[in-house]
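So the chains spell out like this:
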Amino acid sequence: MSIAVPCCPLPKTSVSKSFRNALDPARLQRWIETEVSVGATVRDLTPEYVRWKERDGSLVGWRVVVLNEGREHRTYVTVRHADPARLEDEASKLAHRALETYAGLRAWTLLPRDELLLLAFPLDRDIPDLRRLVRASKMRSLIEARFPHYLRNGLHVSKSRSRCEAKRYKPERRAVLSWDLALVDSGGTERDRLPLWVRLYADATARACAEASRAAAAAGIRAPEALAILHDRLLVESHLEGTPWTIGVDAEDAASARTLARVHRTPPPTGLPTKGVTEEIDLVLRAVDDVARLDAETGAVAAAIADELVRTVPAPGALVFCHGDFHPGQVLIHGEDAGLCDFDRACVAPAASDLATLHAHCVVADPVSGARQALRFREHYDRYADEPTRSELAWWRGCALVRAATTPFRKMREDWPSRTRGLLSAAAIEARGRNGGVSR
């Protein structure tokens, strides 16, 4: 057997040949075309997401472009590694899905010799509705049952002309589908298009997301309309016009800052989780454990930073309605206005939490100029809201950077070890109080 060439460096503590194989694009392409395909050929493979627990099993997600029946499909293959007995048990529970196919790929394939289970999108062990709602026939039934007002004057959904795209997907966590539905008359002439978004979760998140979006819209913020909560893990939303915010463009920064400040002034809906300093420290300590599993030496650095953050917890800031995952991909610019979407992590927290989250996102995306981009945004934000104190911001930024330290590995970047060390170096500067830390 040839030696697998992984798409990124393995953690120093990883000893599993199966996990190494799951990170090898050449090997995965061969498996897909010989074990999973029912007529499709692989055109492209892009590593996107890894959840690594070594002995307790791992998950590697790959974006896949396949050619099937003359048409390209952008889909996803999840590779699960675990103890052979556990994989056998999981495969037995999926036996009734063995004949299902999508985009020319069968739903699942067990590779017992390699100790791997391949799951082809849209099969997901923890998001069972996903496999139904990527199909136009199911969406047509949903529209007819829940939204008949879209089908006035005899219109109906054309299956062949409607298109679905998985915009975001974290296996066994959540999926966001964009549907562009074609509405045609009885003669088959297209009369309208209906864009809808479907959010599916492994946890009971749908209701809180919908309530947060409604609260934002009631405050005059352009946000998606929650059209239907089919159950606690499935939300249907309207389309929100706009293009993603390009941070560093002054007018877009200003519009985004106005929108975030308005969110922070909006009374939060009931039922949102609270995220204060105690909850943030818990997340930081969990992140330290994750870093230590990747590399003990780097984990020791992360632990020292966490100790400093625990020692310098700031006085509690005022709790406000926070987006919870504020970054450029969540902001849609339309003219001079900035709309806001994806309220999955909405919470009640200090405003510094959202600002720190943006800071960490910027530094992850651009280690050289990301911090400066975030600073320019905060200068705009300060025009529309009272900015948190320098010491409070520094503390929350330090926490956010530690929590982001494993992101380069989760995204399977080739340079993840150096990127992780860089994020921790930036976190250490914040934690040491260069910007005026406050001792408890």
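Residues numbered from 1 in each chain as written. Predicted model: local features only at pLDDT ≥ 70, side-chain atom pairs only at ≥ 80, totals over all residues. Heavy atoms only, no water.

Draft legend 1. Local environment of helix 11 (residues 370-384). The end-to-end C-alpha separation of helix 11 is 22 Å, in line with the 21 Å expected for 15 residues at 1.5 Å each. Within helix 11 the residues assigned to the buried category are Gly370, Gln373, Ala374, Phe377, Arg378, His380 and Tyr381. All buried residues of helix 11 fall inside an arc of 160° around its axis, so they share one side. Where helix 11 is buried, its residues touch helix 7 (250-265), helix 10 (351-365) and helix 12 (390-403). (Helix = DSSP H or I, 4+ residues; strand = E, 2+ residues; numbered from the N terminus. Expected span 1.5 Å × (residues − 1). Buried < 20%, exposed > 50% of the residue type's maximum accessible area, 1.4 Å probe, protein only. Arc of directions from axis to C-beta. Contact = heavy atoms within 4.5 Å.)

Draft legend 2. Inspection of the sheet that holds strand 13 (residues 243-244) at higher detail. Sheet architecture is open: three strands sit in the order 13-15-16, paired in antiparallel fashion. Each of the sheet's edge strands pairs with one partner strand only, and the pair in question is strand 13 and strand 16 (337-340). Bridge analysis of strand 15 (residues 331-334) against strand 16 gives four bridges, and the strand direction is antiparallel. The partner of Ile333 across the bridge, within strand 16, is Ala338. Packed onto the sheet, helix 7 meets strand 13, strand 15 and strand 16 and runs at close to 50° relative to strand 16. (Pairing = 2+ DSSP bridges. Axes fitted to C-alpha atoms, helices over the stretch in contact; angles between N-to-C directions.)

Draft legend 3. Representation of the confidence of the model for the chain in the model. In this model, the chain carries a mean pLDDT of 94, and residues with pLDDT of at least 70 account for 98%. Long-range and interchain partners of residues 435-440, a stretch whose pLDDT sits below 50, account for 16 contacts in this model, where long-range means more than four residues apart. (pLDDT = per-residue confidence, 0-100.)

Draft legend 4. View of the pairing of strand 7 (residues 116-120). Burial of strand 7 is extensive: five of the five residues sit out of reach of the surface. The pairing of strand 3 (residues 71-81) with strand 7 spans five bridges and is classified as antiparallel. Residue His81 lies in a different strand from strand 7, and its bridge partner there is Leu116. Here strand 6 (residues 108-111) folds back onto strand 7, and the loop between the two strands holds four residues, one of which, Glu115, carries a positive phi near 55°.

Draft legend 5. The packing of aromatic side chains, seen in detail. According to the stated counting rule, one finds twelve aromatic pairs in the structure shown. Here Trp52 and Phe409 contribute two aromatic rings whose centre-to-centre distance is 6.4 Å and whose plane-to-plane angle is 80°, an arrangement assigned as edge-to-face. Of this pair, Trp52 sits in strand 1 (residues 41-52) while Phe409 sits in helix 13 (residues 407-410), and the two are 357 residues apart along the sequence. Just as Trp52 is buried, Phe409 falls in that class too. Grouped by ring-pair contacts, the aromatic residues Phe19, Trp52, Phe409 and Trp416 constitute a single cluster. (Phe/Tyr/Trp six-rings, centres within 6.5 Å; stacked < 30°, edge-to-face > 60°.)

Draft legend 6. Here's a closer look at the packing of helix 8 (residues 277-294) against helix 9 (residues 296-311). At a minimum axis distance of 6 Å, the contact between helix 8 and helix 9 shows a crossing angle of 165°. If you check the angle between helix 8 and helix 9, you find them roughly antiparallel. Both helix 8 and helix 9 take part in a crossing whose hand is left-handed. Here Ile281, Val284, Leu285, Val288, Val291, Ala292 and Leu294 of helix 8 lie close against helix 9, whose contacting residues are Ala296, Thr298, Gly299, Ala302, Ala303, Ala306, Leu309 and Val310. (Parallel < 35°, antiparallel > 145°, perpendicular 65-115°, else oblique. Left-handed = near helix turned anticlockwise from the far one by under 90°.)

Draft legend 7. View of helix 3 (residues 84-93). Listed in full, the buried residues belonging to helix 3 are Leu87, Glu90 and Ala91. End-on view of helix 3: buried residues confined to an arc of 100°, all on one side of the axis. Looking at helix 3, the residues exposed on the side facing more than 90 degrees away from the buried face are Ala85 and Lys93. Looking at the buried side of helix 3, the elements it contacts are strand 3, strand 6 and strand 7. Between the side-chain oxygen of the N-cap and the backbone nitrogen of Ala85 there are 2.9 Å, and the N-cap of helix 3 in question is Asp83. (Polar contact = N/O pair within 3.5 Å; in protein donor to acceptor, adjacent residues only side chain to side chain.)

Draft legend 8. Highlighting the sheet that holds strand 2 (residues 58-68). Taken in spatial order, the five strands line up as 1-2-3-7-6 in an open sheet, and their pairing is antiparallel. What marks the edges here is a single partner per strand, and that holds for strand 1 and strand 6. Neighbour-to-neighbour, the strand axes of this sheet turn through a mean angle of 20°, independent of strand direction. In the packing of helix 2 (residues 25-36) onto the sheet, contacts are made with strand 1, strand 2, strand 3, strand 6 and strand 7, and the angle to strand 1 comes to roughly 115°.

Draft legend 9. The arrangement of unusual backbone geometry in detail. With an omega of 15°, the peptide bond running from Phe121 to Pro122 counts as cis. Following the sequence through the fold, Pro122 ends up in the loop between strand 7 and helix 4 (130-133). In this structure, Glu172 takes a positive phi of about 65° despite not being glycine. With respect to the helices and strands, Glu172 occurs in the loop between strand 8 (156-170) and strand 9 (174-184). Its identity is not glycine, yet Asp342 carries a phi of approximately 60°, on the positive side. Within the secondary structure, Asp342 is located in the loop between strand 16 and strand 17 (347-350). The class of Asp342 is buried, set by a relative accessible area of 2%.

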